[in-house]
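# What the coordinates show
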Number of protein chains: 8
Amino acid sequence: MPEQNPGAILDLQRAARIGLTEAVLCEHKSVEQIAEILYQLRERTTPALLTRLEKDKSLRLPETLREDLDFDGRSRTAFFGTPPSGGQAPSVAIVSGGTSDAPVCLEAARTLEFHGVGAVLFQDVGITGLWRLLERIDEIRLFPVVIAVAGMEGALFSVLGGLIGAPIIAVPTSVGYGVSRGGQLSLNAALSSCAPGLLAVNIDNGYGAAGAALRLLNNRSG
Amino acid sequence: MPEQNPGAILDLQRAARIGLTEAVLCEHKSVEQIAEILYQLRERTTPALLTRLEKDKSLRLPETLREDLDFDGRSRTAFFGTPPSGGQAPSVAIVSGGTSDAPVCLEAARTLEFHGVGAVLFQDVGITGLWRLLERIDEIRLFPVVIAVAGMEGALFSVLGGLIGAPIIAVPTSVGYGVSRGGQLSLNAALSSCAPGLLAVNIDNGYGAAGAALRLLNNRSG
Amino acid sequence: MPEQNPGAILDLQRAARIGLTEAVLCEHKSVEQIAEILYQLRERTTPALLTRLEKDKSLRLPETLREDLDFDGRSRTAFFGTPPSGGQAPSVAIVSGGTSDAPVCLEAARTLEFHGVGAVLFQDVGITGLWRLLERIDEIRLFPVVIAVAGMEGALFSVLGGLIGAPIIAVPTSVGYGVSRGGQLSLNAALSSCAPGLLAVNIDNGYGAAGAALRLLNNRSG
Amino acid sequence: MPEQNPGAILDLQRAARIGLTEAVLCEHKSVEQIAEILYQLRERTTPALLTRLEKDKSLRLPETLREDLDFDGRSRTAFFGTPPSGGQAPSVAIVSGGTSDAPVCLEAARTLEFHGVGAVLFQDVGITGLWRLLERIDEIRLFPVVIAVAGMEGALFSVLGGLIGAPIIAVPTSVGYGVSRGGQLSLNAALSSCAPGLLAVNIDNGYGAAGAALRLLNNRSG
Amino acid sequence: MPEQNPGAILDLQRAARIGLTEAVLCEHKSVEQIAEILYQLRERTTPALLTRLEKDKSLRLPETLREDLDFDGRSRTAFFGTPPSGGQAPSVAIVSGGTSDAPVCLEAARTLEFHGVGAVLFQDVGITGLWRLLERIDEIRLFPVVIAVAGMEGALFSVLGGLIGAPIIAVPTSVGYGVSRGGQLSLNAALSSCAPGLLAVNIDNGYGAAGAALRLLNNRSG
Amino acid sequence: MPEQNPGAILDLQRAARIGLTEAVLCEHKSVEQIAEILYQLRERTTPALLTRLEKDKSLRLPETLREDLDFDGRSRTAFFGTPPSGGQAPSVAIVSGGTSDAPVCLEAARTLEFHGVGAVLFQDVGITGLWRLLERIDEIRLFPVVIAVAGMEGALFSVLGGLIGAPIIAVPTSVGYGVSRGGQLSLNAALSSCAPGLLAVNIDNGYGAAGAALRLLNNRSG
Amino acid sequence: MPEQNPGAILDLQRAARIGLTEAVLCEHKSVEQIAEILYQLRERTTPALLTRLEKDKSLRLPETLREDLDFDGRSRTAFFGTPPSGGQAPSVAIVSGGTSDAPVCLEAARTLEFHGVGAVLFQDVGITGLWRLLERIDEIRLFPVVIAVAGMEGALFSVLGGLIGAPIIAVPTSVGYGVSRGGQLSLNAALSSCAPGLLAVNIDNGYGAAGAALRLLNNRSG
Amino acid sequence: MPEQNPGAILDLQRAARIGLTEAVLCEHKSVEQIAEILYQLRERTTPALLTRLEKDKSLRLPETLREDLDFDGRSRTAFFGTPPSGGQAPSVAIVSGGTSDAPVCLEAARTLEFHGVGAVLFQDVGITGLWRLLERIDEIRLFPVVIAVAGMEGALFSVLGGLIGAPIIAVPTSVGYGVSRGGQLSLNAALSSCAPGLLAVNIDNGYGAAGAALRLLNNRSG
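What counts and how
- Within any chain, residue numbers begin from 1 and follow the written order of that chain's sequence.
- Written order determines the labels here, with chains lettered from A and ligands numbered from 1.
- Predicted model: local features are reported for residues with pLDDT of at least 70 only, side-chain atom pairs are reported and counted for 80 or more only, and whole-chain, interface and lining totals are derived from all residues.
- Excluding hydrogens and water, the side-chain figures rest on all heavy atoms present in the structure.
- What counts as a helix is a DSSP run of H or I of at least four residues, what counts as a strand is a run of E of at least two, and both are numbered from the N terminus.
- Computation of the radius of gyration draws on C-alpha atoms, with the globule rule given as 2.2 Å multiplied by the number of residues to the power 0.38.
- Classification of residues uses two cut-offs on accessible area relative to the type maximum, computed with a 1.4 Å probe and protein chains only: under 20% is buried, over 50% is exposed, and between them is partly exposed.
- Any two strands with at least two DSSP bridges between them are considered paired.
- When charges are tallied, Lys and Arg are placed among the positive residues and Asp and Glu among the negative ones, while His and the ends of the chain are skipped.
- Criterion for a salt bridge: a side-chain nitrogen of Lys or Arg within 4 Å of a carboxyl oxygen of Asp or Glu.
- Geometry is summarised by axes, namely lines fitted to C-alpha atoms with helices restricted to the contacting stretch, and by angles between N-to-C directions that run from 0 to 180 degrees.
- A contact between two residues is defined here by any heavy atoms of the two lying within 4.5 Å.
- The atoms used to superpose the copies are C-alpha atoms, taken from residues with pLDDT of at least 70 in both, and the fit is least squares.
- Accessible area that two parts lose when put together, evaluated with a 1.4 Å probe and summed over both, is termed the buried area.
- Side-chain atoms alone can form a polar contact between residues adjacent in sequence; in general such a contact is a pair of N or O atoms within 3.5 Å, and within protein one must be able to donate a hydrogen while the other accepts it.
- Under the scheme applied, nonpolar residues are Ala, Val, Leu, Ile, Met, Phe, Trp, Tyr, Cys and Pro; charged residues are Asp, Glu, Lys and Arg; polar residues are all the others, including Gly.
- Note on handedness: a crossover is taken as right-handed if, strands pointing away from the viewer, the path from the first strand over the helix to the second is clockwise.
- Each residue gets a pLDDT score, which is the predictor's confidence in that residue and runs from 0 to 100.
- In this analysis, rings of Phe, Tyr and Trp, with Trp reduced to its six-membered ring, are considered paired at centre separations within 6.5 Å, and the interplanar angle assigns stacked below 30 degrees, edge-to-face beyond 60, and tilted for intermediate values.
- Two limits define a charge over a ring: the Lys NZ or Arg CZ must be within 6 Å of the ring centre, and within 35 degrees of the ring normal.

## Topic: the overall build of chain A
- For chain A, the helix and strand inventory stands at nine helices and ten strands.
- The C-alpha radius of gyration of chain A comes to 18 Å, within 12% of the 17 Å expected for a compact globule of 222 residues.
- By principal-axis analysis of the C-alpha atoms, chain A measures approximately 60 × 45 × 30 Å.
- The buried share of chain A, taken over its 222 residues, is 69%.

The structure is reproduced here in structure tokens:
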């Protein structure tokens, strides 16, 4: 077999450089690769966020690693080691169209929590029953950053964008079927909205939305 | 050159069979082909609707045909001969997101007019300024059929669909750029809407929406 | 974990507003989420329609909920509670191209039944054996609304559209392979048909077709 | 500038090898390139078929070449030199959905004519007025090869395929708009038809359909 | 549950009309639906061809039906009842690029066999080792019809098309990965080939290729 | 002709509601429609931003309107009336990959200017010559918001995202050819970047990027 | 059943002709087909490389074949028989963006090893932590050929292309989700890079990248 | 107007770093932008290659610049200043399928010439007349690098790849229509070829192919 460097090279300076710690995207990694990374992290006593970690995979990790793992099945995330304590008042509103979007909402919420930022969830306020959103809109308007989560046709993004002035980070989800094309429709709805100034992240990317929210919050006092 | 039948065979029984007269889609036809069809129609004293007729093309038709042509540039339609007089109260509401959608709205309105049915236009009530739609919604609700016209992300369809119970015929338009992909986004938004029971026609197909509305109205007393 | 509102907010006024009761799309929901919604509904003694509910999932619901569930495996639907009794003569014809389209036909039929409307199925009258459709066409013509269901190239929509004048709601299905692209071909055939005034819903969306038919029937006497 | 061989290398043995003479696809060639090829052909006294030749381009060819050119504007084809005389009874039926498909029909007919084979055109027998096709079907059934030409949703292919047993060569055309996607819809309809044994060529490829028909006819006595 | 006609309506006149008996595409049908069709066929003592029948599904059919079933796992086909005996010399050459294309080749061969027509397979003569094809080309040239089967980039179609004059029916297969997009690449290669007069069927559609070959052979003496 | 409301309904409360004034997207509007909107605006003495206004179209506006128009050809924008004076220190860095991206950069800059916010442009710092970006990175890092503009493969977004912690708004441009697909490639690169927390707007949407930046800046002191 | 030649025809002269021995792509082949090929190879005492061989499939091969098989699970490759011994200093650098790309890196390395060429792996040097790549760049620059492996947005290709002058073979991987579309994004990034002279192979095609590297190395002394 | 750096920043060290001088892609640049870049280059007495420069645009450049411009219309390239003299024997074979591919062949040849490397063109050796390629193959085999240029279905790449062992750089062209989708088909054929070790560049990218060839040649003696 050919020579090689150790498989993973951790980017430990990332937090200092851009304000976000390295996260481990587990979806395409084998259990062996994830374990190797966690051993490296433990050695450096660096906490880490694991995303897209299926329950099955988490259970196949060595016992010695699993005891340091705070795993949450609904969001498919885990905290490895102890993240910074939060304590602040919640500063992000996470607004979603339907209960099917919950896993993505929770991935965002957990990512924020790992970085010490609180969030409030406003779930199932999709626009077919417009009154549900209008009833909560004044409350939502108080947050400095809003993460909006919706699948299918993503009309929620446009309605929200016309009602509030805060930065809105749209997270399209793969909820839907047929022409919703695994979230592509909702993504394009966010990008092509008639409401000005909406921002989008990749389909089902609750982690990325939280990362963007953290960039915004980190720079508020700049 | 090979033998051939006369180029066009008119389907004059169509009105009796399905309640809609034959229309001439001019987009892919040469001036010579359109003229040939009009001569045939005149011989049978049958009025006809011409759609997607560019002004330039209409001006290159023979003078003798043009004098029987009621051409409308904004909708790119023409009436050839005398359509049935209407006289009824308007029974279709045409609701659109922005002024850029006007040509498609007018194609629908002209098609209805040609079949003796009146329409009222509610233009520029896109949902970024939601109040514009809410202000008119009670008026719209009175119509037995609603044609909704929108480009970009087509969020209008979903909002309307959650507010009124009438049949809604969504006409996506090619207004927009980038990921709106020439109307495909708005079409998919109509088809994948979280509001139940929306119906869609092809992109920019104001004629088809009117045809569907006529089918609905023709069958109301059935 | 962050604060949150209860996961689901029911839109109980929907029936009054648009004439259709809220349905629960089960495809992207966990058993826990479905159960939570059903408990809420029971508390309010509101009957509900569940769609895209796999048999496996239905069996994992709590016993106390399952005893109020009228589940139908072929259409993947369930009635929760007692829907309004119908009693009317059937007013919708459901016409399909092949026996493979049966699950979608039945989803439409069950949705109509839940709202008290009867339907007659004309299955396997695809146009390769054109005589099968022509033999039944006079019967089909008597219905005020026709739902047409077809996969593959969807030629049924165009043939029907040229033969009858009633409103036709085309439901493309994902039956087919290769270039039929999971129903996209049949959908586009409905939208781009040379027969005027066809209307389309999303791929495999029998529920949506029934919803549209209900909008039409509700507004007939309007 | 780098060395090079003469730009074009004629494949003069092609007719002997596969029964079809070389044709010159003019669409992507400059006037200079076309002229160079024609000079080479004249030297060898080889007749040739030119396809997709726009009138403008044909007029910019040198006078000495143009006098040997039999140009036809509707089909965008030209014969260079004298093709073999035909004299046979027509053996191909060319059936088309609408008058807009005429240019493609005529490209096929001219290609057949260039190879000494006659064709009969059955135009504008699209299936919205099904009686138009049924009226001619017994006549069409007499031909050993049928070329079917249709744009939009291409339902003509399936209906024909269910009615006659001859080989059917489907030519999708780019007639249509919106989701017909420049002929892709009609092509896919031919390929995914529920009628068995349909054959397809590229969009707008009347030349290719004729070439395939010639292969079939050449091998009938084999 | 709504009224309905019996699920399947057999098109028993098809053989007389177009020369091909009805085949049962099993892919989207339940075991119950397939059984129902077979019972109907048995009653009429009509033999039938079943395609895309997975072994598992075939084993779940009632014993009484299975004893009349001649199932072939490699081609996923079955003969129900006794097809006409062949006895003729083989008249179709089936040429394929690689051994991975075997299931599609065999579906074509079995369909021909069911209709009493023999075929010879020339497998694994893909053009990377061009000598393999050139070694057999004179033999292939003797057949009146050639079915060419290839996945990946489908270059076999073009090379064959330049070497022989017989009608060539190209069957793209889904063999390949990445940009071969499940056979779409190979299909487009057949349609856009620089070799004139190639004909294509849907991806993996060995059945359709055989159907087209039968149309050609049936009409040879016409 | 059917009744209609006046074509355009201005959303004059938008600035109060979301902090952005209404802009007029001129691309799909006729000269007459633009003029009508400007007359309405003048009556209310409301300044407006016009985007995607081609020079030709601007010259065909009535003289009386053009004298109040501050048109900029490179960005295809115009100010109608007097926007608020800025006076602040620049707070947005606009970083672009190549000089071809200049029109989009300038659309963003003009939109910011119209809302009284200054910007600094860092053009032509694409990553093929990585030193060009690294040379300016410390300067860029000082801005609270960064707009990154790039076409082709959009690698600039990922490199920037790994180097600075500020919110980054990626604007993909349609610069490129072949597989860059009119900007879709660059857009997807921003959305699928391995750098966490990037935000994207529609292709060529400099206006939207500025709108998002304004939302961020408006909420900084919130 | 129809006559047929033996299923597989080995192209044993390939190595002499193009410098690469035939490899067996196992993905679409049955265990029986693979075994047949291996028996043929053994008879000719020709070693072979097997690619995309799943562990399960390898275990179902006959024991007598498996004992000559050197299987590697991470790269899904196997050596059958004894490949030529290498002994040379490594001449290919394999550079990858993240640990998830390891299987593709190893497929390339094993293919090189089978042809007697050594490689060094530089894994996990993705550009979000740009320092990781810059730290190794002088070492990478020493190799005459570089294979670069990356998924997601593939920005690694552009950065590498701007830093070194060696031939760079980009291998896009299917690592990523949402708009990365199974590797299509990364592929297009390589093809549309602003860095000049990058070369690409198919998605996940480590084998093809190694083949190209071998062509380059074989011709160096030419 | 906002502050900005000078529009263009030249990457003059590029030649030293990667062996290729900076080229100016003119397609998306205005005449003013191109002129600005040329003035900067003249100041530094650096020669430059301009690509995708339309004749019209070149004629609108200032006279003082045009006199230093060696413009070639067929390849849409220009040399600005004096490139290094070549003098070597040609080391690249450029092989193309048809005369329509000439502009792309010539862009590659001119790029090589600008860097002092000679090329020989083998045009119009497409595989429909396979003898044309076989006649020249021994000559082509002598070159250390082959650039293959083809549109439509790109079968040339696979045939070449099976016949010679040199590195092959495939350049797909946009020649073709219908399903060839502007070159995407030919590109995918190169990437998904059954011939091992082919390399691809973007559609119509003769410049990139030459750049890759230069990387190969520069590293041969390395």
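## With respect to the pairing of strand S5 (residues 77–80) of chain B
All names here are of chain B.
- The two faces of S5 match: Thr 77 and Phe 79 on one face and Ala 78 and Phe 80 on the other face are all buried.
- Where strand S3 (residues 48–51) lies against S5, three bridges are found, and the strand directions are antiparallel. Bridge pairing in S5 links Leu 49 to Phe 79.
- Examined bridge by bridge, strand S4 (residues 69–72) and S5 share four bridges and lie antiparallel to one another. Each residue of the ladder has a partner; that of Asp 72, found in S5, is Thr 77.
- Counting the residues in the hairpin turn of S4 and S5 gives four residues, including Arg 76, whose phi is positive at 55°.

## Here's the deal with the side chain of D:Lys57
- By secondary structure assignment, the location of D:Lys57 is in helix H3 (residues 55–59).
- We note that D:Lys57 is buried and unpaired, the nearest opposite charge coming from D:Glu54 at a distance of 7.9 Å.

## Side note on the sheet that holds strand S5 (residues 77–80) of chain C
Residues and elements named next belong to chain C.
- Taking strand neighbours across the sheet as the criterion, the four strands line up as S2-S3-S5-S4 in an open arrangement whose pairing is mixed. Of all strands in the sheet, those with a lone pairing partner are strand S2 (23–25) and strand S4 (69–72), marking the two edges. Adjacent strand axes in the sheet meet at a mean angle of 20° when their direction is disregarded.
- For S2 and strand S3 (residues 48–51), the ladder comprises three bridges, and the chain directions are parallel. Counted as the bridge partner of Ala 23 is Leu 49 from S3.
- Of the strands in this sheet, S3, S4 and S5 touch helix H5 (residues 102–114), which is tilted by about 10° from S5.

## Some words on the relation of the copies chain H and chain E
- With an RMSD of 0.0 Å, the operation that places chain H on chain E is a rotation of 180° combined with a shift of 0.0 Å along the axis. The two molecules are tied by a two-fold rotation axis, judged by turn and shift. In terms of proximity to the rotation axis, the leading residue of chain H is H:Ala155, whose C-alpha is 2.4 Å off the axis.
- When the interface residues of chain H are mapped onto chain E, 100% of them again fall at the interface, so both copies present the same face.

## Details of the interface of chain C and chain B
- Chain C puts 35 residues into the contact, and the matching count from chain B is 35 residues.
- Of the roughly 2900 Å² buried where chain C meets chain B, counting both sides, 53% is carbon and sulfur surface.
- Scanning the region where chain C abuts chain B turns up zero salt bridges.
- Our enumeration of links across chain C and chain B arrives at eleven residue pairs in polar contact (both at pLDDT 80 or more).
- Put simply, the parts of the chain that give the side of chain C that touches chain B at least two residues each are helix H1 (14–18), helix H7 (155–163), strand S9 (168–172), helix H8 (184–191), strand S10 (199–200) and helix H9 (206–218) of chain C.
- At six residues, H9(C) tops the list of elements feeding residues into the side of chain C that touches chain B.
- Counted by class, the side of chain C that touches chain B contains 20 nonpolar, eleven polar and four charged residues.

## Some remarks on the relation of the copies chain C and chain B
- When chain C is fitted onto chain B, the two copies agree to an RMSD of 0.0 Å after a turn of 180° and an axial shift of 0.0 Å.
- Looking at the interface residues of chain C, 100% of them are also at the interface in chain B, so both copies use one shared face.

## Here we look at the pairing of strand S8 (residues 145–150) of chain H
Residue and element names in this part refer to chain H.
- In terms of residue burial, S8 counts as a mostly covered element, since six of its six residues are buried.
- Side chains Val 145, Ile 147 and Val 149 of S8 all project onto a buried face; the interleaved residues Val 146, Ala 148 and Ala 150 project onto the opposite face, where all are buried too.
- As judged from the five bridges shared by strand S6 (residues 92–96) and S8, these two strands associate in the parallel manner. Across the sheet, Val 92 pairs through a bridge with Val 145, a residue of S8.
- Bridge count between S8 and strand S9 (residues 168–172): five bridges; the pairing is parallel. What sits directly across from Ala 148, in S9, is Ala 170.
- What joins S8 to S9 is helix H7 (residues 155–163), and the crossover it makes is right-handed.

## Considering the interface of chain H and chain E
- At the junction of the two partners, chain H supplies 21 residues and chain E supplies 21 residues.
- Carbon and sulfur atoms supply 70% of the area buried between chain H and chain E, which totals about 1900 Å² over both sides.
- Ranking the residues of chain H by area buried against chain E places H:Thr128, H:Glu153 and H:Ser192 at the top, with a combined share of 30%.
- The interface formed by chain H and chain E contains zero salt bridges.

## With respect to the confidence of the model for chain A
Residue and element names in this part refer to chain A.
- When pLDDT is averaged across chain A, the result is 92; 94% of the residues are at 70 or more.
- Within the model, the stretch residues 1–6 combines pLDDT values under 50 with 20 contacts to residues more than four positions away or in other chains.
- ipTM for the predicted complex: 0.94, alongside a pTM of 0.95.

## Comments concerning the packing of aromatic side chains
- Taken as a whole and judged by the stated rule, the model has 16 aromatic pairs over all chains.
- Ring geometry for G:Phe122 versus G:Phe143: centroids 6.1 Å apart, planes at 85°, classification edge-to-face. With G:Phe122 in strand S7 (residues 119–122) and G:Phe143 in the loop between helix H6 (130–140) and strand S8 (145–150), the pair connects residues that are 21 residues apart, well separated along the chain. Here G:Phe122 matches G:Phe143 in class, with each residue buried.
- For C:Arg52, the ring lying beneath its charged end belongs to A:Tyr177, and the centroid distance is 3.6 Å.

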